[in-house]
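# Structure at a glance
This is what each chain is made of:
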Amino acid sequence: MAFLDKLFKKKIEGKTVEEWYGLATAETDPEKKIEYFDKVLALKPDFAGAWNLRGLEFVVLKRYEEAITSFNKALEIRPNYLEAKYNKEDAETELRKIKAAESPAEGR
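As a starting point, this report considers the structure included with it. (Residues numbered from 1 in each chain as written. Predicted model: local features only at pLDDT ≥ 70, side-chain atom pairs only at ≥ 80, totals over all residues. Heavy atoms only, no water.)

The next point concerns the overall build of the protein chain. Counting its secondary structure elements, the protein chain contains six helices and zero strands. In sequence order, the protein chain lays out its α and β elements as α-α-α-α-α-α. Within the protein chain, the proportion of its 108 residues that are buried is 32%. Nonlocal contacts in the protein chain, meaning residues at least 24 apart in sequence, comprise 42% of its contacts between residues at least 6 apart. Carbon and sulfur atoms make up 55% of the accessible area of the protein chain, which amounts to about 7,200 Å² in all. (Helix = DSSP H or I, 4+ residues; strand = E, 2+ residues; numbered from the N terminus. Buried < 20%, exposed > 50% of the residue type's maximum accessible area, 1.4 Å probe, protein only. Contact = heavy atoms within 4.5 Å. Areas by Shrake-Rupley, 256 points an atom, 1.4 Å probe, with all protein chains shown as cover.)

Right under this line is the structure:
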């Protein structure tokens, strides 16, 4: 029983995974949210929902490659996670648009 207590009471900087998650979801600054989700994931790396939400914050910041990495991690943990799948597809679409706009037009 002591082992389980220790497992569920694991903390970073004095806060549990639940406390960091609460801070992350209540925060409005995307950079801070990512920082808090990083703490959640340091304590519970197999938390697919936190990876997905972290990815969404990267989308807000238009950091699509980092978003896709987070969505991929969520899908690695939960392959049938539809929300993460759709979010990844949206981020990939945005990334393609940016790359298309940045590349010089062919044949001009």
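Within this structure, the stated rule accounts for 11 salt bridges. One salt bridge connects Arg63 with Glu31, and the closest N-O pair in it is separated by 3.2 Å. Linking Arg63 in the loop between helix H4 (48-60) and helix H5 (64-77) with Glu31 in helix H3 (residues 30-43), this pair joins segments that are 32 residues apart in sequence. Taking the relative accessible area as the measure of exposure, Glu31 reaches 43% and is therefore partly exposed. (Salt bridge = Lys/Arg side-chain N within 4 Å of Asp/Glu carboxyl O.)

For helix H6 (residues 82-102), built from 21 residues, the straight-helix expectation of 30 Å at 1.5 Å per residue is met to within 8% by its first-to-last C-alpha distance of 30 Å. For H6, every residue scored as buried is listed here: Ala84, Asn87, Lys88, Ala91 and Leu95. Viewed along the axis of H6, the buried residues span an arc of 100 degrees, placing them on a single side of the element. Residues of H6 that are exposed and point more than 90 degrees away from the buried face comprise Arg96, Ala100 and Ala101. (Expected span 1.5 Å × (residues − 1). Arc of directions from axis to C-beta.)

Here we take up the packing of aromatic side chains. This structure, assessed with the given rule, holds three aromatic pairs. Ring geometry for Trp20 versus Tyr36: centroids 5.5 Å apart, planes at 40 degrees, classification tilted. In this pair, Trp20 sits in helix H2 (residues 17-26) while Tyr36 sits in helix H3, placing the two residues 16 residues apart along the sequence. In this structure Tyr36 comes out as buried when scored by relative accessible area, which is 13%. On the basis of an interplanar angle of 65 degrees and a centroid distance of 6.1 Å, the ring pair of Tyr21 and Phe37 is categorised as edge-to-face. Within this pair, whereas Tyr21 is found in helix H2, its partner Phe37 is found in helix H3, the two being separated by 16 residues in sequence. Residue Tyr21 is classed as partly exposed on the basis of its relative accessible area of 27%. Members of the aromatic cluster, joined through ring pairs, are Tyr21, Phe37 and Phe47. (Phe/Tyr/Trp six-rings, centres within 6.5 Å; stacked < 30°, edge-to-face > 60°.)

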